[in-house]
Amino acid sequence: MDSGSIGKLGYVSEFGKGAVELLNPAKGERILDLGCGTGDLAYEINQTGAAVTGLDLSDAIGENGQLH
């Protein structure tokens, strides 16, 4: 997947923004984000103090997610 394709996935992050509030993660809680894509949602969850592990089958997307 090229970087242009990754940029096209931004709508997923926008759509998932409400998930952090719904999830209501607690500081120190361990969360597994399967299909984490670009890692945007995992990053937002991590900002709450929860420990997040993201996993995605796409190497190109996974490399981008590691930047978070």
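A. Geometry of the overall build of the chain. The number of helices and strands found in the chain is four helices and two strands. Ordering the α and β elements of the chain from the N terminus gives α-α-β-α-β-α. Across the 68 residues of the chain, 24% fall into the buried class. Restricting to contacts in the chain with at least 6 residues of sequence separation, those with at least 24 account for 37%. Of the roughly 5,000 Å² of accessible surface on the chain, 54% is carried by carbon and sulfur atoms.

B. Inspection of the pairing of strand E2 (residues 51-55) at higher detail. Looking at chain direction, strand E1 (residues 30-34) and E2 are connected through five bridges and run parallel. What sits directly across from Leu34, in E2, is Leu55. Handedness of the crossover is the feature at issue here: the chain leaves E1, passes through helix H3 (residues 40-46), returns alongside E2, and the resulting connection is right-handed.

C. Structural context of a nonpolar patch on the surface. A surface patch of nonpolar side chains, about 330 Å² in accessible area, is lined by Leu32, Leu34 and Leu55. Tracing the chain through its elements places Leu55 in strand E2.

D. Structural detail: unusual backbone geometry. In this structure, Asn24 is a non-glycine residue whose phi angle is positive, near 50 degrees. As for its placement among the helices and strands, Asn24 is situated in the loop between helix H2 (10-23) and E1.

E. Molecular detail of the confidence of the model for the chain. Averaged over all residues, the pLDDT of the chain is 78; the fraction at 70 or higher stands at 68%. The secondary structure element of the chain with the lowest average pLDDT is helix H1 (residues 3-7), at 50, and the one with the highest is E1, at 94. Note on residues 1-5: pLDDT under 50 across the span, and four contacts to partners over four residues away in sequence or across chains.

F. Molecular detail of the environment of Ser13. Tracing the backbone through its elements, the reader meets Ser13 in helix H2. Judged by relative accessible area, which is 21%, Ser13 ranks as partly exposed. Sequence spacing of Ser13 and Asp40 is 27 residues, and the spatial spacing of their C-alpha atoms is 6.2 Å. Beyond its immediate stretch of four places on either side in the chain, Ser13 contacts Thr38 and Asp40.

G. Looking closely at the side chain of Asp33. By the secondary structure assignment, Asp33 is in strand E1. As a buried residue without a salt bridge, Asp33 has its nearest oppositely charged side chain in Arg30, at a separation of 15 Å. Non-local contacts of Asp33, meaning those with residues more than four positions away in its chain, are made with Leu41, Ala42, Val52, Thr53, Gly54 and Leu55.

Analysis parameters
Residues numbered from 1 in each chain as written. Predicted model: local features only at pLDDT ≥ 70, side-chain atom pairs only at ≥ 80, totals over all residues. Heavy atoms only, no water. Helix = DSSP H or I, 4+ residues; strand = E, 2+ residues; numbered from the N terminus. Buried < 20%, exposed > 50% of the residue type's maximum accessible area, 1.4 Å probe, protein only. Contact = heavy atoms within 4.5 Å. Areas by Shrake-Rupley, 256 points an atom, 1.4 Å probe, with all protein chains shown as cover. Pairing = 2+ DSSP bridges. Right-handed = clockwise from strand over helix to strand, strands pointing away. Patch = residues over 30% accessible without salt bridge, like charges linked within 9 Å, V, L, I, M, F, W, Y side chains within 5 Å. Salt bridge = Lys/Arg side-chain N within 4 Å of Asp/Glu carboxyl O. pLDDT = per-residue confidence, 0-100. Lys, Arg positive; Asp, Glu negative; His and termini not counted.

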